[in-house]
Amino acid sequence: MTNQTATYLAQPDDVHRVLLLYSGGLDTSVMLKWIQDQYQAEVVALTVNLGQPGEDYDVVTGKARQLGAVEAHVIDAREEFARDYIAPAIKANAVYGLGYPLFTALGRPLIAKLAVEFARRSGCDTIAHGCTGKGNDQVRIESTIATLAPELKVIAPVRTWKMGRDEEVAYAREHGIPVKGGSEVAPYSIDDNLWGRSSEGRWIEDLEVAPHDDVFQLVTRPELAPDEAQTLEIEFEAGVPVALDGERLGLVELLERVAAAGMRHGVGIVDHIEDRIVGLKVRDIYEVPAAAILLPAHAELERLVGTIHQNQFKAMLDQKWAYLVYAGLWWEPLRTDLDAYMDAANAQVTGRIGVRLYKGSARVVTRQSPYAVYDAQLATFSESGGLFSQEASPGFIELWSLQSRMAWQVRHRDQG
Ligand code: ARG
């Protein structure tokens, strides 16, 4: 019927029972009905809990059933997300562009992997998602499904149904789908999980407009943050945070507590222009309180225990890791290869970092590690002797600068 641009896309005849990745928002609620109407198909709704703050999952599944889902499931994937996605990201100091810690990019492959598992278990032939045709998320989700489950088909109704927000609201009204917050002001487009929150749309698309206060739903605006600083003591073992202020915590809880402290102190606001995989440049407002504290703390400790050679080299691999993940290639073997290096480099990243939070800033103030490549005795200005002989330095300088000095002479000999 329609011409097929990818083999994994469903033709109408393929679609009998659909696993829908359901958030409870307008797009996927309209979709839940629309798929039943359009394909005469059954819909199984799946909602994945990655730690979206303030989400009521009973309400979400109730809504799915009310809209005709034959089954409605919630999976609490917070532990898996923290352990298998966020921890590797911390070890890789993962940031894309000028400050995006990849929370959405890390979440999508896990959501899609869980969709595949659930689709197989509940006898679905097709997976449906609510991504648009302009974003990175469609790439991350569909490449995961096509990689892990070549037998499953995909539909992405938002890409094809040609409804704008007004038509969707009309469709919702017509089909008895509750619309949150009326239809007057379009809401921001939000995505969030344990590792951060993004807002897109509305005035954010006007690059000349400074952020409106109402976009910040997590982080206190720095100008309203407390006048007293707070210092967090974060303890790492092999690159992973394991304790906060002397208390050992599971990773999910640790992330939540660090985020709460960051939010209070206005830490983790990022106003980001981003080069998407699909060519567009887009502006995102990010609130990433946990990442804005833990990533610099980890990087600090890693630099302390690594040699100059390791530190320079790892930064290049970190950048490659972040790009692969951003670009939707989580399942690419190079990412796993890089993880092996990340684990090796992080074997010594054990110790404590103190981070002071104050009105929007998170600044490392103390460091301690049994593996630090550091000797306070050697580093002092006044002392000489022992391993470090200051008298030997001129000999080093002569050899170290030899090629540079020769090249300088060659380039200047004709200039008189
Ligand atoms: N720009 C970020 C990314 O590509 C965040 C995307 C948020 N996704 C969303 N559906 N609102 O990873």
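Model, not experiment: these values are computed from the prediction.

## Overview of the nonpolar core
1) Next: In terms of nonpolar packing, the biggest core is built from 80 residues, with L19, L102, L106, W195, I234 and W321 touching the most fellow members.
2) Next: For this core, the element with the most residues is helix α4 (residues 103–121), which contributes 11 residues.
3) Next: Beyond its immediate chain neighbours, meaning those up to four positions away, L102 contacts A94, V95, Y96, A322, V325 and Y326.
4) Next: In terms of nonpolar packing, the next biggest core, distinct from the first, is built from 29 residues, I35, A45, L67 and I155 among them.

## Things to note about the packing of aromatic side chains
1) Next: Counted under the stated rule, the structure contains 14 aromatic pairs.
2) Next: An angle of 75 degrees between the planes, with centres 5.5 Å apart, marks the rings of W34 and W161 as edge-to-face. Here W34, found in helix α1 (residues 26–39), pairs with W161, found in the loop between α6 (157–160) and α7 (165–174); they are 127 residues apart in sequence, far enough to count as distant.
3) Next: The buried category is assigned to W34, whose relative accessible area is 13%.
4) Next: The class for W161 is buried, based on a relative accessible area of 10%.
5) Next: Ring centres 6.3 Å apart and planes at 35 degrees place the aromatic pair F81 and Y85 in the tilted group. On the criterion of helical spacing, the pair formed by F81 and Y85 is a turn pair, its members being 4 residues apart in helix α3 (residues 78–91).

Parameters at a glance
Residues numbered from 1 in each chain as written. Predicted model: local features only at pLDDT ≥ 70, side-chain atom pairs only at ≥ 80, totals over all residues. Heavy atoms only, no water. Core = buried A, V, L, I, M, F, W, Y, C linked by side-chain atoms within 4.5 Å. Buried < 20%, exposed > 50% of the residue type's maximum accessible area, 1.4 Å probe, protein only. Helix = DSSP H or I, 4+ residues; strand = E, 2+ residues; numbered from the N terminus. Contact = heavy atoms within 4.5 Å. Phe/Tyr/Trp six-rings, centres within 6.5 Å; stacked < 30°, edge-to-face > 60°.

As far as function goes, none of this settles anything; it's purely spatial.
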